[in-house]
Amino acid sequence: MFSSFPNRFVAGSRLIAIGLLALVLAFCFAAKSEARSAVTLEFDTNVLVSDNPFLTTEKERATGAVEFVARPRVELKLDPKTDLDFTGEVGFRQYSRRYGNFVTGRSDLLVRHRRNEHLTVSGRAIYARDLVSDSLTDSIDFAIDTRSIRETIDARTSVAWSPNQTTTIVGDGGWRRLRYPGSTLLDTTKAYDFGFAANKRLSEKLTVGVQAHRTVSNVLDGEDTSVTSLNATAARRFSAHWYGGTQLGIEWSKLYDPVSLTRESRARFNGAAHLCYEPARTSACLRSAIRSEVSGLGGLQREFSVGTEIRHRISEFGTVSAEADYRRARLPGYDATARVLASTLRYEHRIRRNVYLTPSVAYLQRNRREGEKADAFIFQIGLSIRGARS
């Protein structure tokens, strides 16, 4: 049911090796160019208890766990025009019963070169290993198999050109690989995409634009699926505290149903919107989107999502936050809609200058099909050391 310790150890070693390699490369760049650098280290220790952490429908699901997380960050100024930014994370979680242990984390390397005041080129490489139950609303895939690990490799590059102070034209492209080791329900998926966007600032408060994007996805030993979209965009600041944005258009998709082995081509509406309110000491945002996303089930899935996040600083030492996210999609081959929901209430208290205590409670729910509901409460308390520089 769950991957064996040797497999998790090998995968965790791979993650650590990739992170160390990125760190070594960053320091080599720094030594060679005598770059100015800043290194930040953060450490978390978390204890959690849950009645069903992997959202299964089986008996005897309750367990506790302890987790250790380290997050290094390296910022380098290679030359006056070039920046390198590496962010890493390695976590180890041990459950008290049944589920064993897991190694998670990510390595994120970004290089940005500003050629002149008009032209900027950037490249980014990401490797991530996520426990699906920790990222429940990131993808509808997680409604299918919540007991798996998702490994992501993502490489992207972009070129931004600003012919004047009010116009920006961006071209970007990337390649992504999603893998679910040990899962019998989700397949390894590879995808590449490229896009174009042009934005024009009409005033201090209003920016409008247009963007086009194409994604081609392929499930291992499966059929290609693709989606091409064209959207109009707008971003506006309504007042000192209110701002928002929207993206409206149409997408042309070619999808493949891995159950019925049929293909479908159609044009549909897609879009996204967000609205935020940020007075002093408070921030609140509401966001929603409907579009096709890369998936381990058939290559692409059309998903609807909505979410909100509220954060309020109640004192010099304490901040309370709440967030909720919901996502749904119709599963191929089933006359049913899959749904996932995650909500969290968290309080963060600064004990000392770099030490924080963070208790939280979360509620998770997934519905893979009608009558197949699983949910869980997770109670967690964490101690963090942040901002340690060297």
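Now for a description of the structure that goes with this document.

Definitions and cut-offs
Residues numbered from 1 in each chain as written. Predicted model: local features only at pLDDT ≥ 70, side-chain atom pairs only at ≥ 80, totals over all residues. Heavy atoms only, no water. Helix = DSSP H or I, 4+ residues; strand = E, 2+ residues; numbered from the N terminus. Buried < 20%, exposed > 50% of the residue type's maximum accessible area, 1.4 Å probe, protein only. Contact = heavy atoms within 4.5 Å. Areas by Shrake-Rupley, 256 points an atom, 1.4 Å probe, with all protein chains shown as cover. Phe/Tyr/Trp six-rings, centres within 6.5 Å; stacked < 30°, edge-to-face > 60°. Lys NZ or Arg CZ within 6 Å of the ring centre and 35° of its normal. Pairing = 2+ DSSP bridges. Salt bridge = Lys/Arg side-chain N within 4 Å of Asp/Glu carboxyl O. Disulfide = S-S within 2.5 Å. Polar contact = N/O pair within 3.5 Å; in protein donor to acceptor, adjacent residues only side chain to side chain.

This next bit is on the overall build of the chain. When its secondary structure is counted, the chain shows two helices and 18 strands. Looking at the chain as a whole, 41% of its 390 residues qualify as buried. At a minimum sequence separation of 6, the contacts of the chain that also span at least 24 residues come to 52%. Summing over all exposed atoms, the chain offers an accessible surface of approximately 20,600 Å²; the carbon and sulfur share of this is 57%.

Applying the stated criterion across every chain, the model contains eight aromatic pairs. Each ring, one from Phe54 and one from Tyr95, has its centre 5.5 Å from the other, and the planes form 55°; the classification is tilted. Here Phe54, found in the loop between strand E1 (36-50) and strand E2 (63-79), pairs with Tyr95, found in strand E3 (residues 82-95); they are 41 residues apart in sequence, far enough to count as distant. As far as burial versus exposure is concerned, Phe54 and Tyr95 are alike and both buried. Here the aromatic rings of Phe54 and Tyr99 are separated by 4.8 Å at their centres, their planes lie at 45°, and the arrangement is tilted. Separated by 45 residues along the polypeptide, Phe54 in the loop between E1 and E2 and Tyr99 in the loop between E3 and strand E4 (101-114) bring together distant segments of the chain. Taking the relative accessible area as the measure of exposure, Phe54 reaches 0% and is therefore buried. Sitting over the ring of Tyr356, Arg386 keeps its end group 4.4 Å from the ring centre.

Here the focus is the pairing of E3. In this sheet, E3 lies alongside E2 in antiparallel orientation, the contact comprising 12 bridges. Note that in E3 the partner of Arg73 across the bridge is Thr87. In textbook terms, the turn of a hairpin is the stretch between consecutive antiparallel strands, and for E2 and E3 this stretch comprises two residues.

Here we take up the pattern of salt bridges. Any two side chains of opposite charge can pair, on the condition that their charged atoms come close. Summed over all chains, the structure comprises 22 salt bridges. Look at the salt bridges and you will find they share partners, linking Asp44, Arg71 and Glu89 into a network.

Once that is clear, we can look at the pairing of strand E16 (residues 337-352). Note: strand E15 (residues 318-330) against E16, 13 bridges, orientation antiparallel. Bridged to Ala324 within E16 is Ser343. Bridging between E16 and strand E17 (residues 355-367) involves 11 bridges; their strand directions are antiparallel. What sits directly across from Thr344, in E17, is Ala362. Connecting E16 to the next strand, E17, in antiparallel fashion are two residues.

Another aspect to go through is the state of the cysteines. A full pass over the atoms with the stated rule returns one disulfide. Each sulfur of the disulfide joining Cys276 and Cys285 lies 2.1 Å from the other. A torsion of 115° about the S-S bond marks the disulfide between Cys276 and Cys285 as right-handed. We classify Cys276 as buried; its relative accessible area is 4%.

Along the polypeptide, Phe269 turns up in strand E12 (residues 262-277). With relative accessibility at 45%, the residue Phe269 sits in the partly exposed group. Along the backbone, Phe269 and Glu251 are 18 residues apart, and their C-alpha atoms lie at a distance of 6.2 Å. If we ignore the near neighbours within four places in the chain, the residues touching Phe269 are Leu248, Gly249, Ile250, Ile290 and Arg302.

To continue, consider the side chain of Arg327. One can find Arg327 in strand E15. Exposure remark for Arg327: the relative accessible area of 12% places this residue in the buried category. Once you skip the residues sitting within four places of it in the chain, Arg327 turns out to touch Thr137, Asp138, Ser139, Ile140, Glu293, Glu303, Phe304, Ser305, Ala338, Arg339 and Val340.

With respect to the secondary-structure elements, Thr82 resides in strand E3. Accessibility expressed as a relative area gives 8% for Thr82, which makes it buried. Within the structure, Thr82 has its side chain in polar contact with the side chain of His113 (distance 2.7 Å). If we ignore the near neighbours within four places in the chain, the residues touching Thr82 are Leu76, Lys77, Val111, Arg112 and His113.

Mapped onto the secondary structure, Arg236 falls in strand E10 (residues 224-237). Taking the C-alpha atoms as reference points, Arg236 and Thr246, separated by 10 residues in sequence, lie 9.0 Å from one another.

This paragraph deals with the environment of Lys205. Summarising the element assignment, Lys205 is placed in the loop between strand E8 (189-201) and strand E9 (206-219). For the pair Lys205 and Ser239, spaced 34 residues apart in sequence, the C-alpha separation works out to 8.6 Å. Excluding its chain neighbours within four sequence positions, the residues that come into contact with Lys205 are Ala235, Arg236, Arg237 and Phe238.

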